[in-house]
Amino acid sequence: MCGTDAPVDGPVSNGSHPVQGTPKSSPYQNVNDFISNVNRFKIIESTLREGEQFANAFFDTDIKVRMQFGCDYIELTSPVSSPQSYEDCKTICGLGLKAVECGVDGVDLVIGTSSFLRQYSHGKSIEMIQKLALEVIEYVKSQGVEVRFSSEDSFRSDLVDLLTLYKAVDKAGVNRVGVADTVGGATPRMVYDLIRTLRGVVGCDIETHFHDDTGCAVANAHSALEAGATHIDTSVLGIGERNGITPLGALMARMVVTAPEYVTKKYNLKALKEVEELVASAVQVNIPFNNPITGFCAFTHKAGIHAKAILANPSTYEIIDPALFGLTRYISINSRITGWNAIRARCDQLGLKMTDDQVKEVTAKIKQMADIRPLAIDDTDSIIHSYHMGLHQQEQQA
């Protein structure tokens, strides 16, 4: 494959590429209103809390300290979970005893509110949940740190119960309330409706936590921001309980297109690949081939018609500039569907001068061999060099 470096200078537009011939109207244009927060959201990075619930997860203190991307908040496993969790919380936050004395900036309070969890998890009524929540909120606030109150299994909870509870804790002075799609069953429309309704009930910030059991976590996070949510929970590679939650990298991919100026200035996008590789190694998984941004073929172009357009203007078939993430695009030249424009670009890289007709002829030879067996880049280069050498010999004989 041949690589092309994408420029990062110039105006940031549809995720990075300079605008060229932008239509007067497009389905990709953002429809913002006064309540949307797609241009002013915050990320709560939960790899060190939710991520520890992933089946293979084991993070030692060194890994936890190294796992930094530059998010707004880092969520940690409760220090009362185990002695090592307690020590790690102290190491990361600075000092301490109990949660509010570990140097943390805030405490997350969460309890199940659906009929399933109230019956089979903790056995408390909504009235009891509200009473306990207000007592704990009062204590946490007295310690001078942020406090978030979240319902668990929000989308299977009674709406009246939810809004009553959120209104009470908002009045008690929480910094934000949390909405959790604990079983991953919500759709973007469901998310928008609930968050938009909640936005009219509480004045505090709204945090959201989306599991990915049905593949909607990123879409749900974006929909939540459109509806007025302020904070999104993520984890590196989406690791967490079961199928995990909104992946940090995938959310960055979505939001660098939605709000390029905000995202590129606020987050260290070039650290994403290193952080994902660190986590993947720690939990013994491979980064999926189709992982947004860092999948091995995320910026690979193979079809001839795609390659021709990409070489002329990367915006034709890319919504995100790989250079924003410190990465490079590749033009595949090793297959039966390789186009001659891609071979022309490779010839130029190799310093081999050929006419268009000659490039088309050598492209046909590459296709002929690719019909027989898979080709590596060395195979393709050998065919090109051999063909060019033959042209040189013909010229000498003439």
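See the structure above.
The rules behind each value
- Residues numbered from 1 in each chain as written.
- Predicted model: local features only at pLDDT ≥ 70, side-chain atom pairs only at ≥ 80, totals over all residues.
- Heavy atoms only, no water.
- Core = buried A, V, L, I, M, F, W, Y, C linked by side-chain atoms within 4.5 Å.
- Buried < 20%, exposed > 50% of the residue type's maximum accessible area, 1.4 Å probe, protein only.
- Helix = DSSP H or I, 4+ residues; strand = E, 2+ residues; numbered from the N terminus.
- Contact = heavy atoms within 4.5 Å.
- Polar contact = N/O pair within 3.5 Å; in protein donor to acceptor, adjacent residues only side chain to side chain.
- Pairing = 2+ DSSP bridges.
- Right-handed = clockwise from strand over helix to strand, strands pointing away.
- Axes fitted to C-alpha atoms, helices over the stretch in contact; angles between N-to-C directions.
- Parallel < 35°, antiparallel > 145°, perpendicular 65-115°, else oblique.
- Left-handed = near helix turned anticlockwise from the far one by under 90°.
- Nonpolar A, V, L, I, M, F, W, Y, C, P; charged D, E, K, R; others polar.

Draft legend 1. A look at the nonpolar core. Core analysis: the largest hydrophobic core is formed by 72 residues, its most contacted members being Phe69, Phe149, Val177, Met252, Leu269 and Phe325. A per-element tally of this core places helix α8 (residues 248-258) first, with 7 residues. Other than its neighbours up to four places away in sequence, Phe325 contacts Met252, Val256, Leu269, Lys270, Leu272, Ile293 and Ile320. Core analysis: the next-biggest nonpolar cluster, separate from the first, contains 18 residues, Ala342, Leu352, Leu375 and Tyr387 among them.

Draft legend 2. How the structure looks around the environment of Thr182. Topologically, Thr182 is positioned in the loop between β6 (176-181) and α6 (188-199). Classification of Thr182 by relative accessible area gives buried; the value is 15%. The sequence separation of Thr182 and Gly244 amounts to 62 residues, and the corresponding C-alpha distance is 9.9 Å. Excluding its chain neighbours within four sequence positions, the residues that come into contact with Thr182 are Glu152, Asp153, His211 and Arg242. There is a polar contact of 2.6 Å between the side chain of Thr182 and the backbone nitrogen of Asp153.

Draft legend 3. Representation of unusual backbone geometry. In this structure, Leu237 takes a positive phi of about 60° despite not being glycine. Relative to the elements of secondary structure, Leu237 occurs in the loop between β8 (231-234) and α8. Even without glycine at this site, Gln284 takes up a positive phi of about 60°. Within the element layout of this structure, Gln284 appears in the loop between α10 (272-282) and β9 (300-301).

Draft legend 4. Molecular detail of the pairing of strand β5 (residues 146-152). Here β5 lies mainly inside the structure; 5 of its 7 residues are buried. Taken together, the 7 bridges between strand β4 (residues 106-112) and β5 define a ladder with parallel strand orientation. Within the sheet, the bridge partner assigned to Val110 lies in β5 and is Ser150. As paired elements, β5 and β6 share 3 bridges and run parallel to each other. In the sheet register, Arg148 faces β6, and the bridge partner there is Arg176. In this fold, the crossover linking β5 to β6 by way of helix α5 (residues 159-171) has right-handed handedness.

Draft legend 5. Up close: the pairing of β6. Here β6 lies mainly inside the structure; 6 of its 6 residues are buried. Burial along β6 is two-sided: Arg176, Gly178 and Ala180 and Val177, Val179 and Asp181, pointing in opposite directions, are all buried. As paired strands, β6 and strand β7 (residues 205-210) are joined by 6 bridges and run parallel to one another. What sits directly across from Asp181, in β7, is Phe210. Regarding the hand of the β-α-β motif, the stretch spanning β6, α6 and β7 is right-handed.

Draft legend 6. The arrangement of the packing of α6 against helix α7 (residues 217-227) in detail. Packing of α6 against α7 leaves a shortest axis separation of 8 Å and a crossing angle of 30°. Comparing their axes, α7 and α6 come out roughly parallel. Viewed along their axes, α6 and α7 form a crossing whose handedness is right-handed. Counting all contacts with α6, which are made through Pro188, Val191, Tyr192, Ile195, Arg196 and Arg199, the residues of α7 involved are Ala219, Asn220, Ser223, Ala224, Glu226 and Ala227. Classifying every residue of the contact of α6 with α7 by side-chain character gives 7 nonpolar, 2 polar and 3 charged.

Draft legend 7. Representation of the sheet that holds β7 within the structure. Strand order in this open sheet of 7 strands is β3-β2-β8-β7-β6-β5-β4, and the pairing throughout is parallel. Each edge of the sheet is formed by a strand with only one pairing partner; in this case those strands are β3 (73-74) and β4. Taken together, the 2 bridges between β7 and β8 define a ladder with parallel strand orientation. In the strand pairing of β8, Glu207 is matched with His231. The strands touched by α6 are β6 and β7; relative to β7, the strand with the most contacts, the crossing angle is about 160°.

Draft legend 8. Broad picture of α7. By the criterion of burial, α7 is predominantly enclosed, with 8 of the 11 residues buried. Along α7, the positions that sit buried rather than exposed are Ala217, Asn220, Ala221, His222, Ser223, Ala224, Leu225 and Ala227. Check the buried side of α7 and you find it contacts β6, α6, β7, β8 and α8. Gly228 sits one or two residues past α7 and shows a positive phi near 120°.

Draft legend 9. Structural view of the packing of helix α4 (residues 126-142) against α5. Where α4 meets α5, the closest approach of the two axes is 10 Å, and the angle between their N-to-C directions is 20°. When the interaxial angle is binned, α4 and α5 end up roughly parallel. Helix-helix and strand crossings are classified by hand; for α4 and α5 the assignment is right-handed. Residues Ile126, Ile129, Gln130, Ala133, Leu134 and Ile137 of α4 touch α5, and the partners they reach there are Asp161, Thr164, Leu165, Ala168 and Val169. Of the residues belonging to the contact of α4 with α5, the class tally is 8 nonpolar, 2 polar and 1 charged.

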